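Descriptive analysis of the structure
Residues per chain are reported as follows:
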Amino acid sequence: LGEARKFDPTFKGPIHNRGCTDVFCCILFILAILGYFAVGILAWSQGDPRKVIYPTDSRGQFCGQAGTPLEKKPLLFYFNILKCASPLTLLEFQCPTTQLCVESCPTKHMTLLKAYLNKGEQEYYKQFCKEGVDFSKMSAPEILRDGLCPSMLMSSKPFTRRCLPALSTMKGGVVVVGNETIFDNGEGEKVNATDFLDASKKSNVVVEARQVAMRIFEDYTVSWYWILIGLVIAMVVSLIFIILLRYLAGIMIWVMIVMVILVIGYGIFHCAMEYRSLKGEPGSDVTIRDLGLQTDFSVYLQIRQTWLAFMIILSIVEVVVILLLIFLRKRVLIAIALIKEASRAVGHVMSSLFYPLLTFALLALVIAYWAITAVFLSTSNEQVYKVFNTTECDYSRNTCNPETFNTTNITAQCPDAECLFAFYGGETYYHKYLILFQFYNVFLFFWCANFVTALGQVTLAGAFASYYWAFKKPDDIPANPICSSLGRALRYHTGSLAFGSLILSLVQVIRVLLEYLDQKLKDVMISCFCLKCCFWCLEKFIKFLNRNAYIMVAIYGKSFCTSARDAFFLLMRNIIRVAVLDKVTDFLLFLGKLLIVGIVGICSFFFFSGRIKAVEQTAPSLNYYWVPILTVVVGSYLIAHGFFSVYAMCVDTLFLCFLEDLERNDGTAERPYFMSQNLLTILKKSNEDQAKTVD
């Protein structure tokens, strides 16, 4: 698997005299970025984000948009909400009924005939009719024939700026709208309240989901500053942990291992105590399946089966952690030595801890550009009007012009036909190739995001390689290793970074397409599942290979393919060490993240659940106390991952340098090892000069 590295007396770490690599990929990436800017400019000139923010009426006008006649009418009202249950809605993404912008939703049930006969109700009813309706000059049948007013109104509530029936459920599962179950539709027919469920897109579920969403939003409004405090604490704990690793790496890692075991053990104990305390309580023996989906998640904590499931899961995790530590105890010592060396490297290159901030800022910029461009692309279509009718008609769903529609023969052949706004589209070349622009936007998003990640990996690898190959540490470490490594990466290896990130992006885009096909083609679910598994494995392998290839690029300044080959062969020549040492260090670093998340998560649990008597009055009153807890836990993991990603890159770089050191050198005075004395002792090796000094 390739030739082992030969001794080179001139090699002193990352090569400074290097040339540009993968120039073609560099040019291709620059052209792709310029094309990405062109697509963005084109989308920004054609798009209109208001289409996402504001609903549109039957004429395509925006409801509630400032500076327009509809500024004070922010809500969309449907003349006949029952027509929204038609399959035509799914085909055209448009409800085949007249839609009107209104100031407020109707609050009571009323028919057109009732309003027509009662002059006191006419003004109220007219606000839900088209402009120009005159009850004194037209009869009720004429108003309905011309489609100027809805045949009835019903009690409604605004949801996503649309007036939907105010559905609710009484005891016994009876569906009501405004305490009524049967309605007169204004055309002599009776309508049951359950008929509005499908038309409102199962609004009983929507109402419950809206209630949950509102409660979660309320929890965030009263606890956001405590969440920020929890995230700051997570950042401080992570920083303290990194600093302690610098001086007490061995002790900290063993303490960390013991603490993780104790934290998981406490979780098992707590679940067992809760399970025991619920014994004999009314309703505690109900199963999760019998309970079903509940919007109040605290209900699940009142049944014994929930705590039993938590206890089993934590017990399995505890056993797996202990068994791994027992069987890999010898390799853990070498892994600890690598982490100690990484601690020293990070200590001498402290600026590396702040580099993830640059990566985060660049990724945020890439995500923002992609999201904005996607919104403008999706809203850059023109208004398309089509013929909608309730009976059979040859002109159904044909395009039409609302200004000249009444002068055509369509109304004669289809009396109930209407020319309504259908969707946004177009017939120009831009609109025909709009799907390609969307695909290009997604592909460049992956490419740019992977490039930013690759740039961070090469920069950190170059800095830490400079530390390892400095024979006299810290005297031989170059000044500003992070800045020097970043400069080399951008000046010489933009093409190599673009090449590696391009390969990874192609695989990721294929995975996205497979996910899309899996959602659309349910009949080929098994084949799609197999393909998704294969490409998931391929993506993981490419990420692993790219990471090590970037380390070689940072050290030797060669092209991506050459660096990937050298890294792969080097790892294969040391496959046992790779399979054990590298993964053990990853596992130990993962335990560190787990410990930080566990400490912050447990503290937030006791605080937000009111279990701490001293701060019980300080804790905010919440609907779901798991909302801020889950937010703090996820945020803590991301913060800890940001700090430990530097450590992980440092360990991977030192590990490859360590393997190269073993192949290049033999410990003689002419070819001394560059590794630390601790690693030499564990491997039972030594340098001759050091051995003579000891003698």
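Structure shown above.
All residue numbers refer to position in the chain's written sequence, counted from 1. It should be noted that, the model being predicted, local features are given only for residues of pLDDT at least 70 and side-chain atom pairs only at 80 or more, the latter also being counted only at that level, while totals for whole chains, interfaces and linings use all residues. Calculation of side-chain values draws on the structure's entire complement of heavy atoms; hydrogens and water are dropped beforehand.

This part is about the overall build of the protein. Here a strand is any run of E in DSSP of at least two residues, a helix any run of H or I of at least four, and the numbering for each starts at the N terminus. A count of helices and strands for the protein gives 23 helices and twelve strands. Each of the 695 residues in the protein was classed as buried or not, and the buried ones make up 45%. Summed over all atoms, the accessible surface of the protein reaches about 36500 Å², with 64% contributed by carbon and sulfur. Each residue is assigned to one of three classes by its accessible area relative to the maximum for its type, calculated with a 1.4 Å probe on protein chains only: buried under 20%, partly exposed between the two thresholds, exposed over 50%. For the accessible areas, the method is Shrake-Rupley and the probe is 1.4 Å, while residue cover comes only from the protein chains on display.

Below, the discussion takes up the pairing of strand β2 (residues 99-102). On β2, burial covers both faces: Gln99 and Cys101 on one face and Leu100 and Val102 on the other are all buried. One bridge is not enough; two strands pair if DSSP finds at least two bridges between them. Two elements, strand β1 (residues 75-78) and β2, share four bridges in a ladder whose sense is antiparallel. Across the sheet, Tyr78 pairs through a bridge with Gln99, a residue of β2.

Turning our eyes to something else, we now look at the packing of helix α1 (residues 23-46) against helix α12 (residues 355-378). Geometrically, a packed helix pair is captured by the angle between its two axes and the distance between the axes. Helix axes are fitted only over the stretch in contact, all axes being lines through C-alpha atoms; the angle between N-to-C directions runs from 0 to 180 degrees. Two numbers describe how α1 lies on α12: the axes approach to 8 Å, and their chain directions differ by 45 degrees. What the angle tells us is that α1 and α12 run oblique. Taken as a pair, α1 and α12 cross one another with a handedness that is left-handed. From α1, Tyr36, Phe37, Val39, Gly40, Ala43 and Trp44 reach across to α12, where they touch Tyr369, Trp370, Ile372, Thr373, Phe376 and Leu377. Orientation is classified from the angle alone, with under 35 degrees giving roughly parallel, over 145 giving roughly antiparallel, 65 to 115 giving roughly perpendicular, and any other angle giving oblique. Working rule for handedness: look at the near helix, and if it is turned counterclockwise from the far one by less than a right angle, call the crossing left-handed; if clockwise, right-handed. In this description, contact between two residues means that some pair of their heavy atoms is separated by no more than 4.5 Å.

On to the state of the cysteines. In what follows, a disulfide is any cysteine sulfur pair within 2.5 Å. Considering all chains together, one arrives at three disulfides under this definition. Disulfide partner of Cys105: Cys163, at an S-S distance of 2.1 Å. On the sign convention where negative is left-handed, the bridge of Cys105 and Cys163, at about -90 degrees about the S-S bond, is left-handed. Taken as a pair, Cys105 in the loop between β2 and β3 (110-111) and Cys163 in strand β6 (residues 162-165) lie far apart in primary sequence, 58 residues in all. Since its relative accessible area comes to 4%, Cys163 is described here as buried. Bridging Cys129 to Cys149, the disulfide has an S-S length of 2.0 Å. Its S-S torsion of approximately 120 degrees makes the covalent link between Cys129 and Cys149 right-handed. Taken together, the residues span a long stretch of sequence, with Cys129 in the loop between α5 (119-126) and α6 (140-145) and Cys149 in the loop between α6 and β4 (152-153) at a distance of 20 residues. Owing to a relative accessible area of 6%, Cys129 belongs among the buried residues under this scheme. According to the relative accessible area criterion, Cys149 is buried, its value standing at 4%. With no disulfide of its own, Cys657 lies closest to Cys650 among cysteine sulfurs, the gap being 9.4 Å.

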